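Structure assessment
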Amino acid sequence: MLILRPPRIHPSEITDEALFWNRRLFLGAAVGALAAAVPSALAASRLPAPRSRDDELTPYDDVTTYNNFYEFGLDKRDPSRNAHTLRPHPWTVRVEGEVHNPKVYDVDELARRYPAEERVYRLRCVEAWSMVIPWLGFELNRLLKDVEPTSHARYVAFQTLHDPDQMPGQRSGVLPWPYVEGLRLDEAMHPLTILVTGLYGKPLPNQNGAPLRLAVPWKYGFKSIKSIVRIRLTRDQPPTTWNLAAPREYGFYSNVNPDVDHPRWSQKRERRIGELLRRPTLMFNGYGDQVASLYAGMDLRRDY
Ligand code: MTE
């Protein structure tokens, strides 16, 4: 009998995963630069957000073991230790409210309908740390167009699963449950706003918000709600969990803004996970070219 021996590969020939992704992203950036030369507003608006040279991807291990997901505990390590109790399949998302065409989607159906594309976004947590993550997902506006918002729709409200058996942290009173978040309709329709189904080319780990979470890269991380079961279009501004818990500290808009300090700490600088020195925080987390016009005429110190 012929026994196939595994090929002898020297460890130095195996590409480290982060390096592999950095190469892919470098290639992606080159394609992006070509596309940017196309004089089409649409092509430009759909380009992934620009990354500077020093935006190295945060290693997969950090992205998946240093998390905020209070439904699984308060320590950064708790979600990766505890989120195995979450059952992300089967899973449905209800889209309702001010829409002509309310629907309940199965996540697998969503994945078939809206094939995932890769977007590398910085995530800036309100606690003054940040990561650079290769997300997989699709633009939320595709789903919202599908349900046909009525002329009364002005906001979009999101809700996380409420099930203390799967999310034991919901037995504690640290936050009002279920976790809820909201966006203005134009923010939700913006091409940078995505529904995330994976990261680093893999399905979304439970601790990162499986099977479906939001990523809004110009806002503090807490706006990017995890494990979504309900999306409701509304006439009025919906409540948000952190604003309910501490209204003086967390507003509805929560755009990344180094000029507005958190009442208990400065927002001027941030620690990129994996780095020693802190770096300056950028207005709108560096996405101002693409999103500042959404807030023309607003006082972002008052509407924080
Ligand atoms: N969503 C839910 N349901 N519960 C949470 O505690 N934490 C938020 C946000 N979404 C949170 C949530 C906060 S504070 C941050 S910074 C990001 O998730 C962290 O996302 P990550 O763990 O994938 O980096």
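How each quantity is defined
Residues numbered from 1 in each chain as written. Predicted model: local features only at pLDDT ≥ 70, side-chain atom pairs only at ≥ 80, totals over all residues. Heavy atoms only, no water. Helix = DSSP H or I, 4+ residues; strand = E, 2+ residues; numbered from the N terminus. Areas by Shrake-Rupley, 256 points an atom, 1.4 Å probe, with all protein chains shown as cover. Contact = heavy atoms within 4.5 Å. Pairing = 2+ DSSP bridges. Axes fitted to C-alpha atoms, helices over the stretch in contact; angles between N-to-C directions. Near = heavy atom within 4 Å. Polar contact = N/O pair within 3.5 Å; in protein donor to acceptor, adjacent residues only side chain to side chain. Buried < 20%, exposed > 50% of the residue type's maximum accessible area, 1.4 Å probe, protein only. Core = buried A, V, L, I, M, F, W, Y, C linked by side-chain atoms within 4.5 Å. Salt bridge = Lys/Arg side-chain N within 4 Å of Asp/Glu carboxyl O. Phe/Tyr/Trp six-rings, centres within 6.5 Å; stacked < 30°, edge-to-face > 60°.

**Considerations on the overall build of the protein chain**
- A tally of helices and strands in the protein chain yields 9 helices and 12 strands.
- When the accessible surface of the protein chain is summed, it comes to about 15300 Å², and 55% of that surface belongs to carbon and sulfur atoms.

**What to know about the side chain of Thr-150**
- With respect to the helices and strands, Thr-150 occurs in the loop between helix 6 (140–147) and strand 5 (155–160).
- Apart from residues lying up to four places away in sequence, Thr-150 is in contact with Glu-98, Val-99 and His-100.

**Looking at the sheet that holds strand 5**
- A sheet is described by the order of its strands in space; here 5 strands give the open sequence 2-1-10-5-6, paired in mixed fashion. Edge positions in the sheet fall to strand 2 (103–106) and strand 6 (180–184), since each has one partner strand and no second. Ignoring strand direction, the axes of neighbouring strands in this sheet form an average angle of 15°.

**Concerning unusual backbone geometry**
- With an omega dihedral of -10°, the bond running from His-89 to Pro-90 counts as a cis peptide bond.
- With respect to the element layout, Pro-90 can be found in the loop between helix 4 (78–82) and strand 1 (92–97).
- Look at the link from Trp-177 to Pro-178: it is a cis peptide, with omega at -5°.
- Here Pro-178 shows up in the loop between strand 5 and strand 6.
- Despite not being glycine, Tyr-200 shows a phi value in the positive range, around 50°.
- Relative to the helices and strands, Tyr-200 resides in the loop between strand 7 (194–199) and strand 8 (202–203).

**Here's the deal with the site of the ligand**
- Every one of the 15 residues lining the ligand counts as a neighbour, but Asn-67, Tyr-70, Glu-71, Ser-224 and Lys-226 are closest to it.
- Thr-160 is positioned with one of its side-chain polar atoms (N or O) 3.0 Å from a nitrogen atom of the ligand.
- Asn-208 is positioned with one of its side-chain polar atoms (N or O) 3.0 Å from an oxygen atom of the ligand.
- About the coverage of the ligand: the protein hides 99% of its 540 Å² of free accessible area.

**Looking at the side chain of Asn-67**
- Considering the arrangement of structural elements, one finds Asn-67 in the loop between helix 3 (60–65) and helix 4.
- Relative accessible area serves as the criterion here: at 4%, Asn-67 is assigned to the buried category.
- A distance of 3.5 Å separates a polar side-chain atom of Asn-67 from the backbone nitrogen of Thr-65.
- Those residues in contact with Asn-67 that sit more than four places away from it in its chain are Asp-75, Lys-76, Pro-79, Gln-207, Asn-208 and Lys-226.

**Quick look at the nonpolar core**
- Core analysis: the biggest nonpolar cluster contains 76 residues, and Leu-143 and Ile-231 have the highest contact counts within it.
- The dominant element in this core, judged by the number of residues it contributes, is strand 4 (residues 129–139), at 6 residues.
- With sequence-adjacent residues up to four places away left out, Leu-143 is seen in contact with Val-95, Tyr-105, Leu-110, Tyr-114, Phe-138, Leu-195 and Ile-231.

**What about the pattern of salt bridges?**
- Applying the stated criterion across every chain yields a total of 22 salt bridges.
- Asp-146 is the salt-bridge partner of Arg-113, the closest N and O atoms lying 2.8 Å from each other. Here Asp-146 lies in helix 6 and Arg-113 lies in helix 5 (residues 107–113), a separation of 33 residues in the sequence.
- Each of Asp-55, Arg-122, Arg-124, Glu-270, Arg-272, Glu-275 and Arg-279 takes part in salt bridges that share partners, so that together they form one network.

**A short note on the environment of Asn-68**
- Its location among the elements puts Asn-68 in the loop between helix 3 and helix 4.
- Spatially, the C-alpha atoms of Asn-68 and Gly-221 are 9.1 Å apart, while their sequence positions differ by 153 residues.
- Excluding residues that lie within four positions of it along the chain, Asn-68 makes contacts with Lys-76, Cys-125, Glu-127, Trp-129 and Lys-226.
- At a separation of 3.0 Å, a polar atom in the side chain of Asn-68 contacts the side chain of Glu-127.

**Overview of the packing of aromatic side chains**
- By the definition in use, this model includes 12 aromatic pairs.
- Each ring, one from Tyr-60 and one from Tyr-200, has its centre 5.6 Å from the other, and the planes form 80°; the classification is edge-to-face. Taken together, the residues Tyr-60 in helix 3 and Tyr-200 in the loop between strand 7 and strand 8 connect sequence positions 140 residues apart.
- Looking at Tyr-200, the relative accessible area reads 2%, which means it is buried.
- Both rings, one in Phe-69 and one in Phe-72, keep their centres 4.9 Å apart while their planes meet at 80°; by these two values the pair is edge-to-face.

Bear in mind that shape data such as this cannot, by itself, settle questions of function.
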